[in-house]
Amino acid sequence: MLAIITGTIRPARQMRQLALRDEKCRLGQYEESLRFFVESGAFSKIVFCENSGYGTEKLSHLAGEAASRGVELELLSFQGDEGQSCIHGKGYGEGEIMAYVFAKSALASGEPYFIKITGRLKVDRIRDMVGRVRQNKTYFNIPNRTIRSFYDTRIYGMSVSQFKQFFLNAYDQVMDDEGIILEAVYTKILLENQIGVSNFPIYPRIVGISGSGGLVYGYTEWKCRIRDMFSRFNLYKVKKR
């Protein structure tokens, strides 16, 4: 299974709605997150791509660690369009990253399916969750049971062909200041094209810190066990208006 992990190590100074800007801190968190997914045994291939032009030299040692565990790790860095990202919002930058991966990544080439994860986060029980994923399904969850207007883009899974057909260039629609965030754009595409959505077979146990709002992500295991049941019945879906 292929994982695509997105990141921005050195965010633009003019980027708004960003709580964590320190590049050393961000780099350390990306390293910790990447090591977590390498050691999880959930993925045979991992592509990490960041869009600040920072480079990946300080993460290159992870490739050897990954290889020792039978995991192929590809590290990519490019300079995204900071001007457009600041106009549209951070979801624009993530869209740029995904487009770059599918244009330039050696590991992603020829892969039929991927799971995308926002960098600096960890997902506990990821190996168990990925082991139950079916590559003929599209996986999204809502952020939590009280937010049913859009799907969560911190982690999702779908076929590469579907992503390229419907989502590859959709980031251009993002306009954070107008409330058109990436999650809303993706949700609109899913609904308008009647793309069937399944919840992940195990509710994602996300741990980490939001780079935009500084929110600390965590979970309570007994609550997640209840959410696991709801996920198996696909109850964590967007409510159609």
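Residues numbered from 1 in each chain as written. Predicted model: local features only at pLDDT ≥ 70, side-chain atom pairs only at ≥ 80, totals over all residues. Heavy atoms only, no water.

S.K.: I'd like a rundown of the nonpolar core, residues and numbers included.
M.R.: If you look at the biggest cluster of nonpolar residues, it comprises 35 residues, and the most contacted ones within it are Phe102, Phe114, Phe140, Tyr156, Phe163, Phe167 and Tyr186. For this core, the secondary structure elements donating two or more residues are β1 (2-7), β2 (45-50), α4 (90-104), β6 (155-159), α6 (160-167) and α7 (182-192). Counting residues per element, this core draws most heavily on α7, which supplies five residues. In contact with phenylalanine 167, not counting residues within four places along its chain, are Met158, Gln162, Tyr186, Ile189, Leu190 and Ile195. Counting residues in hydrophobic clusters, the runner-up holds 34 residues, among them Val38, Phe48, Leu62 and Tyr113. (Core = buried A, V, L, I, M, F, W, Y, C linked by side-chain atoms within 4.5 Å. Buried < 20%, exposed > 50% of the residue type's maximum accessible area, 1.4 Å probe, protein only. Helix = DSSP H or I, 4+ residues; strand = E, 2+ residues; numbered from the N terminus. Contact = heavy atoms within 4.5 Å.)

S.K.: How would you sum up the environment of arginine 227? Please name residues and give values.
M.R.: Mapping arginine 227 onto the fold places it in helix α8 (residues 221-232). Residue class for arginine 227 comes out partly exposed when judged on its relative accessible area of 24%. Put simply, arginine 227 and isoleucine 202 are 25 residues apart on the chain and 8.0 Å apart in space, counted from C-alpha to C-alpha. When residues no more than four places from it in sequence are discounted, the contact partners of arginine 227 are Tyr203 and Tyr236.

Just distances and angles here, no functional claims.
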